[in-house]
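# An overview of the molecular structure
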Amino acid sequence: MKQVSANRAILILESPWELDEADSNRTSVLPFIEGVAKLAGNTEVYHANFYDSKSFEQALDCLCKRKFINTTVYIAAHGYKTKIGKSNLGKLIYLIGERSKEFNITGLMLGSCFVGENTPTMEVYLEGTNIKWCAGYASTSYWLEGTLIDCAIIANMSELDRDTEFTDRDLLIDAFARSISPFSKGFHIGDDYKDNPVRLEDSLTFVVQPSGKGFRAKTVTAEVFERYSDYQV
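Here we summarise the structure given alongside this text. Fair warning: this is a prediction, and the values are worked out from it, not measured in the lab.

### Description of the side chain of Thr147
Among the secondary structure elements, Thr147 is positioned in helix 5 (residues 143-157). From its side chain, Thr147 meets the backbone oxygen of Trp143 in a polar contact 2.8 Å long.

Okay, structure coming up:
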């Protein structure tokens, strides 16, 4: 059978949410990302569930079969401190980083509560990989609102030109700012560990690692929200 050609891909690795007692794997980010791909065009979406580190690696290998010009990985699962589901954040980034050069993985969206606070871990495990950007949440994140923000970030970042925009730190920052500009930075996106409300500006975190010699992975959250104001009336 003839294989349909596409230039970009979004790989979704999702752990069951169980948002209520009747949620028997009902809730999923998949239809939202499929909408993003249909809007963009020329984009394939692949999805697999995981339950722990072993099944995550198996799911990742299952999804990493074709090489695209630009591939984004979206991890969607419950998070707490350094854990995504039952897996360690550093371990999961390491596994993706190992495959990033062979499969042109350029971006990583962490759709999980709290793990975005671990920007030093994100910086360390991005070093030496092909991953150019990573984003996550440093608080809890309301499921629907967080998914819509994730979609906006993935939609904008996956459209960047690998040979030009991925080489420019300022352009990566601008793309992040443009992605979140439709959302209020003062919106109550979730809560901290003591159940205090947290604004979007104090939750979303961003790390970039432009292509080229001399560039290291660096947290750019403050710069993104500073640039955010340029997109407000």
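### What about the side chain of Ser100?
As for its placement among the helices and strands, Ser100 is situated in helix 3 (residues 89-100). Reaching out from Ser100, the side chain makes a polar contact with the backbone nitrogen of Asn130 at a distance of 2.9 Å.

### Regarding the pattern of salt bridges
With the rule as written, the count across this model stands at 12 salt bridges. One salt bridge connects Arg99 with Asp61, and the closest N-O pair in it is separated by 2.8 Å. One end of the pair, Arg99, is in helix 3; the other, Asp61, is in helix 2 (residues 53-63), and 38 residues separate them in sequence. Residue Arg99 is classed as buried on the basis of its relative accessible area of 11%. The salt bridge partner of Glu201 is Arg199, with a shortest N-O separation of 2.8 Å. Look at Glu201 and you get partly exposed, because its relative accessible area is 22%. Looking at Arg199, the relative accessible area reads 38%, which means it is partly exposed.

Calculation criteria
Residues numbered from 1 in each chain as written. Predicted model: local features only at pLDDT ≥ 70, side-chain atom pairs only at ≥ 80, totals over all residues. Heavy atoms only, no water. Helix = DSSP H or I, 4+ residues; strand = E, 2+ residues; numbered from the N terminus. Polar contact = N/O pair within 3.5 Å; in protein donor to acceptor, adjacent residues only side chain to side chain. Salt bridge = Lys/Arg side-chain N within 4 Å of Asp/Glu carboxyl O. Buried < 20%, exposed > 50% of the residue type's maximum accessible area, 1.4 Å probe, protein only.

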